[in-house]
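Summary of structural features
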Amino acid sequence: MTRAKEVAKFFSGFEAFHAIVHGYLWLSGMTITLVGITARPAWSFGALLFNAAVALVLGFWAWRRPTVR
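First, a word on what this report is: a plain description of the structure on this page. (Residues numbered from 1 in each chain as written. Predicted model: local features only at pLDDT ≥ 70, side-chain atom pairs only at ≥ 80, totals over all residues. Heavy atoms only, no water.)

It is worth spelling out the overall build of the chain at this point. From N to C terminus, the chain includes 2 helices and 2 strands. Reading the chain from its N terminus to its C terminus gives the helix and strand order α-β-β-α. For the chain, the C-alpha radius of gyration of 15 Å lies well beyond 11 Å, the compact-globule estimate for 69 residues. Principal axes of the C-alpha set define a box for the chain whose edges measure 50 × 20 × 15 Å. Each of the 69 residues in the chain was classed as buried or not, and the buried ones make up 22%. Residue pairs at least 24 apart in sequence account for 58% of intrachain contacts in the chain once pairs closer than 6 positions are excluded. Surface summary for the chain: the accessible area is close to 5,600 Å², and the carbon and sulfur share equals 72%. (Helix = DSSP H or I, 4+ residues; strand = E, 2+ residues; numbered from the N terminus. Rg over C-alpha atoms; globule rule 2.2 N^0.38 Å. Buried < 20%, exposed > 50% of the residue type's maximum accessible area, 1.4 Å probe, protein only. Contact = heavy atoms within 4.5 Å. Areas by Shrake-Rupley, 256 points an atom, 1.4 Å probe, with all protein chains shown as cover.)

Before going further, it helps to examine the side chain of Lys 5. Examined against the element boundaries, Lys 5 turns out to sit in helix α1 (residues 3-28). Glu 6 provides the closest opposite charge to the buried, salt-bridge-free Lys 5, at an N-O distance of 8.8 Å. Excluding anything up to four places from it in sequence, Lys 5 contacts Trp 61, Ala 62 and Arg 64. (Lys, Arg positive; Asp, Glu negative; His and termini not counted. Salt bridge = Lys/Arg side-chain N within 4 Å of Asp/Glu carboxyl O.)

What follows is the structure, given as C-alpha cells:
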C-alpha cells in the first residue's frame, strides 16, 4: 500500500458522503442561501453527479489490484 492510495481512499469516502448529502438536498427540494448566493435543487443535482464521479474515480484507482511487473 502506498500513502497516495490511502489518501485517495479517504477522499473517495469524503466525496461519496458529499454526493449523498447533495442527493438528499436535491430530492428534498431544499434551497440554500449562503453569503448571498442561492443554490437551488438543480445545483445540488449537478454537485451530486460531480461528487459521485470523483468518488468513483478515486475509489477505482485506490482499490484496484496492483499490476504485477
